[in-house]
Amino acid sequence: MQIHSSYDAIIVGGGVSGSFMAQELAAAGWRTLVLEAGRSFTRTTYPALEIDSNSQLYWGGGVELNTSASLALLRPKVVGGGSIVNQALMDRFDDIALDSWKQESQVNFFNSEVLSPWYQKAENELSIQKVSEQYRNGNAKIFADGFKANGFICAPLTRAQKDCRFEDGNDCIRCLSGCPIDSKQSTPVTTLKKALKAGCQLISEFEVQKIEDKKDHTLVGGKWKNGGQYLFSARKVILAAGAIGNSRLLLQNDFKKSLPALGEKFYTHPQYMVIAMYDHEINAHKGPLQSYKSQDPHFRAKGFKLENVFAPPVAISMLLPQLGKKHMAKMKEITKMACIEVAVRDTNPGKIKINNQGRPIIEKELNEEDEKRKRAGMDAIHAIFASTGAREVIRGDLGIGLHLMGGCSLGADEKKFVTAPDFTLHGHRRIVIADSSIFPNAPGINPSLTIMALSKMAADQMIKEGL
Ligand SMILES: Cc1cc2nc3c(=O)[nH]c(=O)nc-3n(C[C@H](O)[C@H](O)[C@H](O)COP(=O)(O)OP(=O)(O)OC[C@H]3O[C@@H](n4cnc5c(N)ncnc54)[C@H](O)[C@@H]3O)c2cc1C
């Protein structure tokens, strides 16, 4: 096939990492192209119905499952990637997370002193705010009251948002399908916007299928929405297709032969939502969707965290155990539900494989330690609900994987890791990765801000090295 055009850099995936890398490279004058499999939306075109957003903003029509169907994986497929559908909670990693990364990878820059300026640069791209106390909803109140009653420690959440105008009655639950007022700091209103302004090109609805590393360039090919196949060439290729996307692409193109650890060390922070029924209105869907996180050192030591969260009706309905009329009766009481989730800092690495059609196969289970962490979190949630007058507690047994990490993990040893400490693939110097797929293990903390910081760092190294 003929090469359509050549670029200094091609970025596969226009999500969090892809957008941050694009901004840096385009600003440095690199001829840059972003290829994104998902559609491009604006604040006026994001799907308004939950059911449409599941099918239009995610791979697999909304949800993908692990091989035992015990874990639902939510993998964004849209220009802006996870930044469109996520809750935009921003946290720097603590020493516990960074020390364990350093130990696992033998890479010294995983420490807060080296990463601090990169975190700062990432934070400078966004408006980051604490959710205002004034607008905290009934679900947040139960969370805070229950923490207090049980002697647990919680803290307000920090979110990438600009002006949510809660006084106008805006409900942030809507933002899970894209923010209709551009308050959430998704990359199409932050770094991707700047990248495009600096001359970066973006082709949406283009699924990359081919990566071929040649002597002095790399070929990137795939299928556009019109069904046509296109081939591009680049001096550098940045894989920013997320944990599953990067492993899938490299596996499809036979990189496992030169990268034996490809697809290994896959983590998800499995999350379990616990719903409680109250006799009075909670209205957990109103105003800011989440306001608090657990900040309890005992919880951190035990390997879990709790978050004050809720979900739209289709997702809530999937968590309820009953069927038929009983299920309907329960759903009619949705405004009397409160919800807290436990997120496990998982220790059991999963594996990303592909089947003979190139589809991802995810092998990922909880081991005994992870089960223990989940139980400890659930017990704390029960105590919170019991102390705040819940009449019934319903444990959601389906794990949800929102933080998809690893598969191309970064570390010094090329037999055990895929990405080298300079962010290039071991043995493939023109292919760079700095997204969630390079995580060496599960940090137990929201990943986005660290993906942004590492992407800034990797882009800076690329620019210094030159083409
Ligand atoms: C509902 C939800 C809530 C979340 N809340 C938070 C939160 O509050 N805080 C936080 O820190 N994190 C949160 N996350 C996780 C966070 O969004 C992700 O960790 C982050 O987006 C990962 O960034 P990334 O750059 O690695 O990949 P992504 O942002 O997922 O981007 C990858 C992009 O690559 C594209 N792609 C994949 N394969 C191909 C291909 N072959 N060709 C072309 N394009 C391709 C995808 O379509 C996607 O758009 C949440 C996630 C979800 C789903």
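Residues numbered from 1 in each chain as written. Predicted model: local features only at pLDDT ≥ 70, side-chain atom pairs only at ≥ 80, totals over all residues. Heavy atoms only, no water.

1. Observations regarding the overall build of the protein chain
No. 1: Looking only at helices and strands, the protein chain features 13 helices and 23 strands.
No. 2: Taking all 467 residues of the protein chain together, the buried fraction comes to 57%.
No. 3: The long-range share in the protein chain, meaning contacts at least 24 apart out of those at least 6 apart in sequence, stands at 75%.
No. 4: Taking the 58 positively charged and 50 negatively charged side chains of the protein chain as two groups, their mean positions are separated by 3 Å. (Helix = DSSP H or I, 4+ residues; strand = E, 2+ residues; numbered from the N terminus. Buried < 20%, exposed > 50% of the residue type's maximum accessible area, 1.4 Å probe, protein only. Contact = heavy atoms within 4.5 Å. Lys, Arg positive; Asp, Glu negative; His and termini not counted. Charge placed at Lys NZ, Arg CZ, Asp CG, Glu CD.)

2. Quick look at helix H6 (residues 138-150)
No. 1: The terminal C-alpha atoms of H6 lie 18 Å apart, and with 13 residues this matches the ideal 18 Å at 1.5 Å per residue to within 8%.
No. 2: Residues of H6 that are buried include every one of Asn139, Ala140, Ile142, Phe143, Ala144, Gly146 and Phe147, and no others.
No. 3: A distance of 3.0 Å separates the backbone nitrogen of Asn139 from a side-chain oxygen at the start of H6, and that oxygen is part of Asn137.
No. 4: Gly151 lies just past H6 and shows a positive phi near 75 degrees. (Expected span 1.5 Å × (residues − 1). Polar contact = N/O pair within 3.5 Å; in protein donor to acceptor, adjacent residues only side chain to side chain.)

3. Quick word on the packing of aromatic side chains
No. 1: Evaluated as defined, the whole model comprises 19 aromatic pairs.
No. 2: Here Phe41 and Tyr46 contribute two aromatic rings whose centre-to-centre distance is 6.0 Å and whose plane-to-plane angle is 25 degrees, an arrangement assigned as stacked. Here the two residues Phe41 and Tyr46 agree in accessibility, since each one is buried.
No. 3: Through a chain of ring-to-ring contacts, the aromatic side chains of Phe93, Trp101, Phe109, Phe110, Phe423 and Phe439 assemble into a single cluster.
No. 4: One Lys or Arg, Lys121, reaches over the ring of Trp118 and ends 5.1 Å from the middle of that ring.
No. 5: A cation over a ring is seen here: Lys374 above Tyr272, with NZ or CZ 4.3 Å from the ring centre. (Phe/Tyr/Trp six-rings, centres within 6.5 Å; stacked < 30°, edge-to-face > 60°. Lys NZ or Arg CZ within 6 Å of the ring centre and 35° of its normal.)

4. Some details on the site of the ligand
No. 1: The ligand sits among 35 residues. The nearest are Ser17, Glu36, Gly82, Ser436 and Ser448.
No. 2: Within the backbone of Ala88, a nitrogen or oxygen atom sits 3.3 Å from an oxygen atom of the ligand.
No. 3: In the environment of the ligand, a nitrogen atom lies 2.9 Å from a nitrogen or oxygen atom belonging to the backbone of Val208.
No. 4: Taking 1,000 Å² as the accessible area of the ligand by itself, protein coverage stands at 95%.
No. 5: If you list the elements that add at least two residues to the shell around the ligand, you get helix H1 (16-27), helix H3 (82-85), strand E9 (207-213) and helix H13 (448-465).
No. 6: A class-by-class count of the residues in the shell around the ligand yields 19 nonpolar, 12 polar and four charged. (Near = heavy atom within 4 Å. Areas by Shrake-Rupley, 256 points an atom, 1.4 Å probe, with all protein chains shown as cover. Nonpolar A, V, L, I, M, F, W, Y, C, P; charged D, E, K, R; others polar.)

5. Focus: the domain arrangement of the protein chain
As a measure of interface size, the accessible area lost when the parts come together is often cited.
No. 1: If you check the domain split of the protein chain, you get domain 1 (1-41 + 81-88 + 91-125 + 186-261 + 407-467) and domain 2 (58-77 + 130-177 + 269-401).
No. 2: Placing a centre on the C-alpha atoms of domain 1 and another on those of domain 2 gives a separation of 28 Å.
No. 3: The partner domain 2 presents 27 residues to the 30 residues of domain 1 that form the contact.
No. 4: Of all residues in domain 1, Val85, Gln87 and Ile244 bury the most surface against domain 2, accounting for 29% of the area lost on that side.
No. 5: Between Arg300 and Asp94 there is a salt bridge; the shortest N-O distance is 2.8 Å.
No. 6: Counting every contact that joins domain 1 to domain 2 gives 11 residue pairs in polar contact (both at pLDDT 80 or more).
No. 7: For the side of domain 1 that touches domain 2, the secondary structure elements donating two or more residues are H3, helix H4 (95-105) and helix H8 (242-252).
No. 8: Tallying contributions element by element places H8 first for the side of domain 1 that touches domain 2, with seven residues.
No. 9: Class assignment of the residues belonging to the side of domain 1 that touches domain 2 gives a composition of 12 nonpolar, 12 polar and six charged. (Domains from an automatic or database assignment. Buried area = accessible area lost by both parts, 1.4 Å probe. Salt bridge = Lys/Arg side-chain N within 4 Å of Asp/Glu carboxyl O.)

6. Structural notes on unusual backbone geometry
No. 1: Although it is not a glycine, Asn283 adopts a positive phi angle of roughly 50 degrees.
No. 2: Considering the arrangement of structural elements, one finds Asn283 in the loop between strand E13 (271-277) and strand E14 (292-294).
No. 3: Despite not being glycine, Phe423 shows a phi value in the positive range, around 75 degrees.
No. 4: Structurally, Phe423 is set in the loop between strand E21 (405-407) and strand E22 (424-425).

7. Examining the pattern of salt bridges
No. 1: Summed over the entire model, instances satisfying the criterion amount to 34 salt bridges.
No. 2: Among the ionic pairs, Arg43 bridges to Asp182, the shortest N-O distance being 3.9 Å. Taken as a pair, Arg43 in the loop between strand E2 (32-35) and helix H2 (50-57) and Asp182 in the loop between strand E7 (158-160) and helix H7 (191-197) lie far apart in primary sequence, 139 residues in all.
No. 3: Assessed through its relative accessible area of 43%, Arg43 is described here as partly exposed.
No. 4: Since its relative accessible area comes to 30%, Asp182 is described here as partly exposed.
No. 5: Taken together, the shared-partner salt bridges connect Glu24, Glu125, Lys194 and Lys456 into one network.

8. A short note on the pairing of strand E11 (residues 229-239)
Within a regular beta strand, the side chains point alternately toward one face of the sheet and then the other, so they alternate between its two faces.
No. 1: In terms of residue burial, E11 counts as a mostly covered element, since eight of its 11 residues are buried.
No. 2: When strand E1 (residues 5-12) meets E11, the two strands line up parallel, connected through seven bridges. Pairing of Ala9 across the sheet is with Lys236, part of E11.
No. 3: Pairing analysis gives six bridges linking strand E10 (residues 218-223) to E11, with the strands arranged antiparallel. (Pairing = 2+ DSSP bridges.)

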